[in-house]
Structures are given as C-alpha cells and as structure tokens.
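# Coordinate analysis (summary)
Chain by chain, the residues:
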Amino acid sequence: MTSGHPARVVSTVMHVRCPDRLGEETYRQVLEQLAELSPVVQALPPTAALVELRGALRYHGTDPRHLGEVLRVRTLSRLGVDVRVGIGPSITVATTASAQVPPPGGVLAVTPEEAASWLGPLPVEALHGIGPRQAAVLREYGIHNVGLLAAVSPATVQRLLGGRAGRIAADRARGIDPRPVVPRALPAAAAVSRAFDRHVLDGADVRATLLELVVQLGLLLRRRGQAARAVTLALRFAGGGRWEKTRRLAEPSAHDDDLRQLAYRLMDAAGLQRGRLTGLALKGEDLVDAEQVATQISLDDAREARLVAEGAVDRVREKFGAAVIGPAAVFRHAS
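Residues numbered from 1 in each chain as written. Predicted model: local features only at pLDDT ≥ 70, side-chain atom pairs only at ≥ 80, totals over all residues. Heavy atoms only, no water.

## Quick notes on the packing of helix 8 (residues 154–161) against helix 9 (residues 163–173)
Here is the rule: For helices, the axis comes from a line fit to the C-alpha atoms of the stretch in contact; other axes are also lines fit to C-alpha atoms, and the angle between any two N-to-C directions lies between 0 and 180 degrees. Comment: elements are numbered from the N terminus, with helices defined as DSSP H or I runs of at least four residues and strands as E runs of at least two. Angle categories are assigned with fixed cut-offs, so that under 35 degrees is roughly parallel, over 145 is roughly antiparallel, 65 to 115 is roughly perpendicular, and the rest are oblique. We call a crossing left-handed when the near helix sits turned anticlockwise from the far one by less than a right angle, and right-handed when that turn is clockwise. Two residues form a contact once any of their heavy atoms are found within 4.5 Å.
Interhelical geometry of helix 8 versus helix 9 gives an angle of 135° and a closest axis separation of 7 Å. What the angle tells us is that helix 8 and helix 9 run oblique. For the pair helix 8 and helix 9, the crossing hand works out as right-handed. Between helix 8 and helix 9, the residues in contact are Pro-154, Val-157, Gln-158 and Leu-161 and Gly-163, Ala-165, Gly-166, Arg-167, Ala-169 and Ala-170, respectively.

See the structure below:
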C-alpha cells in the first residue's frame, strides 16, 4: 500500500576542495573537469565547487566513489592538481566529508544510510556551517559532538545559538539540508598568461608567445561553450611597469583567427621598441554563451576552411592533450 505521496528524491552531492592559493586559471580548468562528469556544477570561488551527481551516476553507470576517484585521476594527470572530494546525500554531509580528507587529496563517500552514524562522533565544529564561536557556545553546554547536537531539541539549540542559526544547526546535525546544487555560471572573463624567465626584447619571441596565449584562450573559451566580446592585452615590463589595453571584437567569437587578429592589433598599439618584457596576459572579456552567437554565412572560403581545421585540431587536443598540436610559430623555441 502506498501513501500517494511521491518518494523523496535523494541527492548525491560531491564537494571538491582544491589546494589553497590555486591560480584562477587552474581553478577554471578544474571546473571544466567537473563539467565532464556532470552538467550541474556550482562554482564556489576561489578554490571549491559543488556537483550534483544524481543524473551523472545513471549516465556513467557507476557509483559515487568511483566518480570521485576519476576526478582525482583527471586533475592530477591533466593539471597536476590533487583535490579533496567529499560525497554525501546533502551539501552539508558532502562538505563536511571533504574537510575530513587529509591533504593533499582523497575521496570520502558517505551513503544516506551511513550519514547519521558517520556525523555523530565528529567534533561539533567539524559540522559544515558551525563556526568557532558557535562551537564554543555549544561546548560550554556539554555539546561536544554532532551526535549530541542532534539529540538536543531544536528549540534548545535555537536558544543557545539564536533563532535562524540554531534552527539550521539543529537540522544539519540531523542530516536535514534541502538546499539544491545550483549551477553557477563561470565568471564573465577568461584569462591566460605567461611569465618569462628572463627579460625579453626579441619581437619574434614575444609574438610567438602571444600566439600561444591566443591558442590557449580560444581553446578555453570553446571548451566552456563561451565567446568573447572583447579582448584585453596586458604587458609587464622590467622595473614594474605595466601596459594594458582592451578592444572589442566586431562579433563575439572564440575562434583563434578572430582572437589572433585582435591580439596582434593590440600588440601593435603598444608601440614596443626596446621595452624589456617580463610577462604578458591575454583576457577574453564580456563573455557570452556561444549558443547565443549568431552564425554568419561567410563567403570567405579560406576562413571557413580554417574553422573546419580548428574543430579537427580541438578533437586531437581533446584526445592527446592541448600541447600536441598548434601553430608552427608557437614551437619556434624548439628549433
């Protein structure tokens, strides 16, 4: 006999902690690895993220822990970054679990059936959302672990911690956390940069490095399904000087050809003569969803051929790595 009420759908949430002081660009690349596992990714800048795995488990035909291990292998092999992964039936359990994984990385998966018994022995301050001051108040009243917090009546916890904070703490100690993972769009900019290990005067070297950044930026945008309306070039000089300029594209684009032409115009506008460069950065700004960009009918056969080639090159990079193929000028230092 059924009650007539639909069964509650249990989430499977993954919380990912990256190393502290992770660079912005590397963090974005970690988010891209998450998006390969599930389309429901919530970025938590600067170094964390949430992923809803419920649909991904059906798609990949595997269990949550295995997906966590797959993520670690990919971030280590592709980015050189280890991550701490917590998995559970709610944001609270997953986030609490990831904090229990010792650095540099690992996976801790807690099933819905295990959640209460796993949370119970943890120190009260280990529960996600409990701050040091709240933990101190609870300890004053003998509430030292999450199990004791769950056993105390919600009304009592509210009196100790205050109305809303007490209600949230009491719920989370009991494993009650209905918050969904909300997909959060990536920031409306994407940046790549290169620092030189010596002061560079050679215009050909600078131009080759700029082309390398163009290729990296274009690939990053296309992987994220985004297009840039504007491009910013920033140059750093010996002695601490800096030059920066932004120009807009005629149409939003993520194609190497469009980005290259604008980047070269920006470099020409810098009017470099004998400036000693220590680094440069290229940023795509005012980003839009690539699907929102109108596809123009082109009569330029050469451009159409380059776009077809670009797609083929992207597939090669996806399979063998981004560094295996690119413009010849990028590899000039190897000759």
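Okay, back to it.
## Details of the sheet that holds strand 5 (residues 106–109)
Defined as follows: Two strands pair if DSSP finds at least two bridges between them.
Spatial strand order, 2-3-1-4-5: five strands in an open sheet with mixed pairing. With one partner strand each, in any of the chains shown, strand 2 (41–44) and strand 5 form the two edges of the open sheet. Between one strand and the next, the sheet's axes are offset by a mean angle of 15°, whatever the strand orientation. Pairing of strand 1 (residues 13–17) with strand 3 (residues 48–52), which is carried by five bridges, proceeds in the antiparallel orientation. In the sheet register, Arg-17 faces strand 3, and the bridge partner there is Ala-48. Taken strand by strand, helix 1 (residues 24–37) contacts strand 1, strand 2 and strand 3, and its axis lies near 160° from that of strand 2. The strands touched by helix 3 (residues 64–79) are strand 1, strand 4 (84–88) and strand 5; relative to strand 5, the strand with the most contacts, the crossing angle is about 165°.

## A closer look at the nonpolar core
What counts here: In these notes, a set of buried Ala, Val, Leu, Ile, Met, Phe, Trp, Tyr and Cys residues joined through side-chain atoms within 4.5 Å is what counts as a nonpolar core. Here's how the labels work: a residue is buried when its accessible area is under 20% of the maximum for its type, exposed when over 50%, partly exposed in between, all with a 1.4 Å probe on protein chains only.
Grouped together as the largest cluster of nonpolar side chains are 30 residues, with contacts concentrated most on Leu-210, Leu-221, Leu-233, Leu-235, Leu-280 and Leu-282. Contributions of two or more residues to this core are made by strand 6 (189–200), helix 10 (203–224), strand 7 (226–237), helix 11 (256–270) and strand 9 (277–285). With eight residues, helix 10 is the single largest residue contributor to this core. Ignoring anything within four residues of it in the chain, the contact list for Leu-233 reads Leu-210, Trp-243, Glu-244, Lys-245, Ala-263, Leu-266, Met-267, Leu-280, Ala-281 and Leu-282. With 23 residues, the next largest nonpolar core counts Tyr-27, Leu-34, Leu-37 and Val-83 among its residues.

## Focus: unusual backbone geometry
Between Pro-103 and the following residue, Pro-104, the backbone shows a cis peptide bond with an omega angle of 10°. Its place among the elements puts Pro-104 in the loop between helix 4 (91–100) and strand 5.

## A look at the pattern of salt bridges
To keep it simple, the criterion reads: Salt bridges are defined as contacts in which a side-chain nitrogen from Lys or Arg sits within 4 Å of a carboxyl oxygen from Asp or Glu.
Per the stated rule, a full pass over the model turns up 15 salt bridges. Salt-bridge contacts for Glu-52 lead to Arg-54; the nearest nitrogen and oxygen are separated by 3.9 Å. By relative accessible area, Arg-54 is classed as partly exposed at 31%. In this structure, Arg-229 and Asp-286 form a salt bridge, with 3.2 Å as the shortest nitrogen-oxygen distance. Residue Arg-229 is found in strand 7, and its partner Asp-286 is found in the loop between strand 9 and strand 10 (288–289); the two are separated by 57 residues along the sequence.

## Here we look at the packing of aromatic side chains
As a reminder, the rule being used: Stacked, tilted and edge-to-face are the three classes applied to pairs of Phe, Tyr and Trp rings, where Trp contributes its six-membered ring and a pair requires centres within 6.5 Å; stacked means planes under 30 degrees apart, edge-to-face means over 60, and tilted covers the rest. Note on criteria: charge over ring means Lys NZ or Arg CZ within 6 Å of the ring centre, with the direction from the centre no more than 35 degrees off the ring normal.
Inspection of every chain in the model, using the stated rule, returns zero aromatic pairs. Sitting over the face of the ring of Tyr-264, Arg-207 holds its NZ or CZ atom 4.6 Å from the ring centroid.

## Observations concerning the environment of Gly-105
As for its placement among the helices and strands, Gly-105 is situated in the loop between helix 4 and strand 5. Between the C-alpha atoms of Gly-105 and Val-85, which are 20 residues apart in sequence, the distance is 7.4 Å. Ignoring any residue separated from it by four or fewer positions in sequence, one finds Gly-105 in contact with Arg-72, Asp-82, Val-83 and Arg-84.

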